[in-house]
Protein chains: 2
Amino acid sequence: MLSNKAKYGLKAMIHLAGSDGIVLAANIAQDNNIPRKFLDAILLELTKAGLLTSKKGKGGGYQLARPADAITAGQIIRILDGPLAPIACASRTAYRPCTDCGDVEACAIRDVMLDVRDAMALILDRTSIATMRARGRHRQYLPQ
Amino acid sequence: MLSNKAKYGLKAMIHLAGSDGIVLAANIAQDNNIPRKFLDAILLELTKAGLLTSKKGKGGGYQLARPADAITAGQIIRILDGPLAPIACASRTAYRPCTDCGDVEACAIRDVMLDVRDAMALILDRTSIATMRARGRHRQYLPQ
DNA sequence: CACTAATTCTACAAATTTAATAGACTAAAT
DNA sequence: ATTTAGTCTATTAAATTTGTAGAATTAGTG
């Protein structure tokens, strides 16, 4: 399940992918209907994770730390929501066993969920925000 | 994200797929480390959804309502956790628009999440509990 | 037939966690 | 001095995961 947090994060990153130079958090929030303070926290996490650069003071704001085609949806979601896997025992980046399962290796559920995880990762780790922006661009965002 | 509820539901259904005749909720709970009352609620939902038949009173218990190869992981998860889609606007069985989005059709996030949903559904709707049971059977569940 | 034991079913409640937001203040840059 | 990000704290709301108490149903027994 994608949280609002991750959804907002993706929106913000796509917004930044479509802007040149430094962008104010206030603009991102307004144009995308994101609660300002919530967005602040999200941008902070993305900055700490190295996906954004920030600049304080007048003329400050946020900017992508890397080209938009080198940042994937998968990265953003992992930072904001944690592992992609539907269940922790099926995560490849953050494995954790279930407390209620005897033999992890023999777990049929984990087996299927590994497949699901891989299918999700295949899509999300291949989709850059540049791609997402291009796909969604047919029509412009209108602040309503 | 797969909740404990859905995980327990899957476990219970796999258990039933491997048993002949009527099975007590108490047995399912014990063998799979599932809190008894939580399991009761889960089995009730699965019964109401038509995946199980139940029988009350002495000699009562639960049984699959259909052959194990005609019940999929996707069905079980939808009943217990709701739509598979990572986000409601990308659900094909239970679509709901985001309140914060202007034009749903032009949403790049929805676009990707539809792909993710389809990839998940492809796996989960094709995997029966008969299959899951067969895969997990190499080693037996040991009540620990 | 009445009684008892076993079992599902129902309704509620509570505890815990997580998600989502808001407010006030701090630090840095111009 | 002003603007802006960053930090900290707190609150609200919701969902999840359990527990408690008992009602309804059935099978068996005397």
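The residue numbers shown here count from 1 along each chain, following its written sequence. Lettering for chains starts from A, numbering for ligands starts from 1, and both go in the order in which the items are written. Note on the predicted model: pLDDT of at least 70 is required for a residue's local features to be given, and 80 or more for side-chain atom pairs to be given and counted; whole-chain, interface and lining totals, by contrast, use all residues.

(A) The relation of the copies chain A and chain B, seen in detail. When the copies are superposed, the least-squares fit draws on C-alpha atoms of residues that have pLDDT of at least 70 in both. You can overlay chain A on chain B at an RMSD of 0.1 Å; the transform is a turn of 180 degrees with a shift of 0.0 Å along its axis. Within this description, the copies of the chain are treated as partners about a two-fold rotation axis. Judged by C-alpha distance, Met-1 of chain A is the residue of chain A that lies nearest the rotation axis, at 2.6 Å. This entry defines residue contacts through backbone-placed C-beta atoms, with two residues in contact when those atoms are within 7 Å. In this assembly the copies share their binding face: 100% of the residues contributing to the interface of chain A also contribute to that of chain B.

(B) Representation of the interface of chain A and chain B in the model. Contacts between the two partners involve 36 residues from chain A and, on the opposite side, 36 residues from chain B. Only DSSP runs of H or I covering at least 4 residues are called helices, and only runs of E covering at least 2 are called strands; the numbering of each starts at the N terminus. At the level of elements, helix H1 (4-17), helix H5 (108-124) and helix H6 (129-136) of chain A are the ones that each hand at least two residues to the side of chain A that touches chain B. Of the residues forming the side of chain A that touches chain B, the biggest block, 11 residues, is contributed by H5 of chain A. Its residues assigned to classes, the side of chain A that touches chain B shows 21 nonpolar, 6 polar and 9 charged. Under the grouping applied here, Gly and all other residues not named as nonpolar or charged are polar, the nonpolar ones being Ala, Val, Leu, Ile, Met, Phe, Trp, Tyr, Cys and Pro and the charged ones Asp, Glu, Lys and Arg.

(C) Layout of the protein's contact with DNA strand D. Here is the check we use: build the C-beta atom from the backbone, and if it is within 6 Å of the molecule or strand, call the residue near. Around DNA strand D sit 25 residues, and of these Ser-54 of chain A together with Ser-3, Asn-4, Gly-57 and Lys-58 of chain B come closest. Of all the secondary-structure elements, those providing two or more residues to the surface near DNA strand D are helix H2 (25-32), helix H3 (36-48) and strand E2 (61-64) of chain A together with helix H1 (4-17) and helix H3 (36-48) of chain B. When its residues are assigned to classes, the surface near DNA strand D shows 9 nonpolar, 9 polar and 7 charged.

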